[in-house]
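# Residue-level structural notes
Each chain is listed here by its residues.
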Amino acid sequence: MRVLGIDPGLRNMGWGIIDVAGSRLTHVANGICHSQVGDMADRLLSLHEQLTAVLQKYQPQAAAVEQTFVNKDGAGTLKLGQARGIAMLVPAQAGLVVGEYAPNAVKKAVVGVGHADKVQVAHMVKVQLPGVQLAGPDAADALAIAICHSFHVQSSSSLAAALAKAGA
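Conventions adopted
- Each residue is numbered by its place in its chain's sequence as written, counting from 1.
- Only residues with pLDDT of at least 70 get local features here, since the model is predicted, and only at 80 or more are side-chain atom pairs given and counted; chain-wide, interface and lining totals rely on the full set of residues.
- To obtain the side-chain values, all non-hydrogen atoms of the structure were included, while hydrogens and water were left out.
- Put simply, DSSP marks the helices as runs of H or I at least four residues long and the strands as runs of E at least two long, and each gets a number from the N terminus on.
- Take the buried Ala, Val, Leu, Ile, Met, Phe, Trp, Tyr and Cys residues and link them wherever side-chain atoms come within 4.5 Å; each set so joined is a nonpolar core.
- Buried residues are those whose accessible area, probed at 1.4 Å on protein chains only, stays under 20% of the maximum for their type, while exposed residues exceed 50% and partly exposed ones sit between those limits.
- Contacts were defined at the residue level, with two residues in contact if any of their heavy atoms lie within 4.5 Å.
- The directions from the helix axis to the C-beta atoms form the arc being described.
- Pairing of N or O atoms within 3.5 Å defines a polar contact, subject to two protein rules: one partner must be a possible hydrogen donor and the other a possible acceptor, and residues neighboring in sequence count only if both atoms are side-chain atoms.
- Pairs of strands are assigned from DSSP output, requiring at least two bridges between the strands.
- Between N-to-C directions, angles cover 0 to 180 degrees, with each direction set by a line fitted to C-alpha atoms, over the stretch in contact for helices.
- Helix span is expected to be 1.5 Å times the residue number reduced by one.
- Handedness of a crossing follows from how the near helix is turned relative to the far one, being left-handed for an anticlockwise turn of less than a right angle and right-handed for a clockwise one.
- When residues are grouped by polarity, Ala, Val, Leu, Ile, Met, Phe, Trp, Tyr, Cys and Pro land in nonpolar, Asp, Glu, Lys and Arg in charged, and all others, Gly among them, in polar.

Another point: unusual backbone geometry. A positive phi angle is found at Q59, which is not glycine, with a value near 50°. Among the structural elements, Q59 can be located in the loop between helix 1 (40–58) and strand 4 (62–66).

In C-alpha cells, the structure reads:
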C-alpha cells in the first residue's frame, strides 16, 4: 500500500510518500509545496495544483493529514485551517479516504513520546526510513504522518482479521 502523509501549512505544505508491505516501510518521495505570492485565493490554488501533481505522479492508495491545533492567534489558525482544507480536498478528489491524526498522536507513534520536538521526529523518520533525504522539517513531519497512518491501518487490519477469525 502506498501512503501519502501531508503536513498542512499555508506557506509550506509538507508531503511524504511511503510504501508499506507488512511491517516493512519504504521511502518513495518527500517534498514541500510552497504557496505562491499573492492573495489568499491564489496561494490556496497554488497549493492545490502542486499537491494534485504529487498525487498524479505517485498514485497513493491512502492519505493522512495532521489535525490543526488551535493557537492564540485566531487569524493564523483560520489560515492554517484553509490550507488544511486543501490538504484534505486533494486526496478526497482522488477518491482516497483521508485519515486525521493529532500532532501528539503522530509524535507518539513515530518517536514514542507525544511531546517530541521536530529534531526528534526527523531523527526517528530517518531511523525508520534508512537513507531518506529529507526536503525539510515539513516533509519530515509529513513522512511521520504517513508512518503513523500505516501503523493505524495495520492495527485495524490485524484487529479485523482477529475478529473475523474469532467469529468463524
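This is not the end of the story, as more comes after the structure.
Right, let's get into the nonpolar core. In this structure, L4, I6, M13, W15, L47 and L51 are the most contacted members of the largest nonpolar core, which totals 22 residues. Only strand 1 (2–7), strand 2 (12–21), strand 3 (24–34), helix 1, strand 4 and helix 2 (74–93) provide two or more residues apiece to this core. Residue contacts for L47: discarding those within four places in its chain leaves G9, L10, M13, C33, H34, S35, A83 and I86.

Our next topic: helix 4 (residues 118–128). Taken together, the buried positions of helix 4 are V121, A122 and V125. In a view along the axis of helix 4, the buried residues occupy a sector of 95°, so they form one face of it. One side-chain oxygen of the residue at the start of helix 4 lies 3.1 Å from the amide nitrogen of V119, identifying that residue as D117.

With that out of the way, let us pick up the sheet that holds strand 1. The strand order across the open sheet built from five strands is 3-2-1-4-5, with neighbouring strands paired in mixed fashion. Either end of the sheet is taken by a strand with one partner, and the two such strands are strand 3 and strand 5 (98–101). Neighbour-to-neighbour, the strand axes of this sheet turn through a mean angle of 20°, independent of strand direction. Taken together, the six bridges between strand 1 and strand 2 define a ladder with antiparallel strand orientation.

Taking 1.5 Å per residue as the helical rise, helix 1 with its 19 residues ought to reach 27 Å, and the 27 Å between its terminal C-alpha atoms agrees with that figure. The complete set of buried residues in helix 1 reads R43, L44, S46, L47, H48, L51, V54, L55 and Y58. Elements in contact with the buried residues of helix 1: strand 1, strand 2, strand 3 and helix 2. The first or second residue beyond helix 1 is Q59, which carries a positive phi of 50°.

We now examine the packing of helix 1 against helix 2. At a minimum axis separation of 9 Å, helix 1 and helix 2 run at an interaxial angle of 35°. Once helix 1 is placed against helix 2, the crossing between them reads as right-handed. Counted together, M40, L44, L47, H48, L51, T52 and L55 of helix 1 and K79, Q82, A83, I86, A87, L89, V90, P91 and Q93 of helix 2 form the full contact between these two elements. Per-class residue counts for the contact of helix 1 with helix 2 are eleven nonpolar, four polar and one charged.

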